Amino acid sequence: MLRILRRVRANRNVLWIFSAGEIDLRCHLVPRLKEGAELTFVKPYIEQVRALVGEFDASYAAVSIPTPAADEVVGYPVVGTIEERLAAHRLMRERILEETGQARSSSGAVIYAFDATDRLSNEHGHYRPEITTDGIHPNDAGRAEIRAAMA
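Novice: Tell me about the pattern of salt bridges, and please be specific about residues and values.
Specialist: Summed over all chains, the structure comprises 11 salt bridges. Two residues, Glu99 and Arg95, come together in a salt bridge whose shortest N-O distance is 3.5 Å. With Glu99 and Arg95 both in helix α4 (residues 82–105), this residue pair falls 4 residues apart, about one helical turn. This pair shows no difference in class: Glu99 is buried, exactly as Arg95 is. Salt-bridge contacts for Arg128 lead to Glu145; the nearest nitrogen and oxygen are separated by 3.7 Å. With Arg128 in the loop between α5 (117–120) and α6 (140–150) and Glu145 in helix α6, the pair connects residues that are 17 residues apart, well separated along the chain.

Spelled out as structure tokens, the structure:
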């Protein structure tokens, strides 16, 4: 697939967006952080994205920082309290912003952070209920907010 993408001339005009860690925030990070783990996976993840983007000769891409799941999630597992998940999000967001900032100054493809957290979150820091139906995924209004943030 990468060889095909490399041959598509318009490839350099596309903003490739990689989604990072929604399930991690909702299910995996709280227990790992309680055990003292650090978010050491963020730097290699950003570097992998940069290498992948370089493989198909794009000059830039974005890593999307996930919005914390709502307090009430319908039909999906959730681990930890909302406070613990928000703390995990703050740490992950900080690390992604830090690592993408470093990636901007290095050679190769530029990796941006796409962070619509503030736009999509309520005053408590998690998904606004009117822009999601299940507390995790955006509905039509949520997708409109994301498109506006991207613009």
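Novice: Run through the sheet that holds strand β3 (residues 110–114), naming residues and quoting values.
Specialist: Across a sheet, strands are paired by hydrogen bonds formed along the backbone, either parallel or antiparallel in direction. Across the sheet, 3 strands lie side by side as β1-β2-β3; this open sheet has parallel pairing. Two strands close off the open sheet at either side, each with one partner strand: β1 (16–19) and β3. Direction aside, neighbouring strands of the sheet carry axes that sit 30° apart on average.

Novice: Account for helix α2 (residues 22–34), with residues named and values stated.
Specialist: When the terminal C-alpha atoms of α2 are compared, their 18 Å separation across 13 residues agrees well with the 18 Å that a helix rising 1.5 Å per residue should span. His28 marks where α2 bends most, by close to 60°; the proline Pro31 follows one to four residues later. Among the residues making up α2, those that are buried are Glu22, Leu25, Arg26, Cys27, Leu29 and Val30. Residue Gly36 follows α2 closely and has a positive phi angle near 95°.

What counts and how
- Along every chain, residues carry numbers that run from 1 in the direction the sequence is written.
- Selection of residues for local features in this predicted model requires a pLDDT of at least 70, selection of side-chain atom pairs for listing and counting requires 80 or more, and totals for whole chains, interfaces and linings are taken over all residues.
- Hydrogens and water are ignored here; the side-chain numbers use all heavy atoms of the structure.
- When a carboxyl oxygen of Asp or Glu lies within 4 Å of a side-chain nitrogen of Lys or Arg, that pair is called a salt bridge.
- Helix numbers and strand numbers start at the N terminus; a helix is a DSSP run of H or I with at least 4 residues, a strand a run of E with at least 2.
- Any residue under 20% of the maximum accessible area for its type is buried, any over 50% is exposed, and the rest in between are partly exposed; the area is computed with a 1.4 Å probe on protein chains only.
- When DSSP finds two or more bridges between a pair of strands, those strands are recorded as paired.
- In this analysis an axis means a line fitted to C-alpha atoms, helices contributing only their contacting stretch, and an angle means the value between N-to-C directions, from 0 to 180 degrees.
- In this scheme, a helix's expected span is set at 1.5 Å multiplied by one less than its residue total.
- The angle between axes fitted to the seven-residue stretch ending at a residue and the seven-residue stretch beginning at it gives the bend at that residue.

Purely geometric stuff here, so don't read any function into it on its own.
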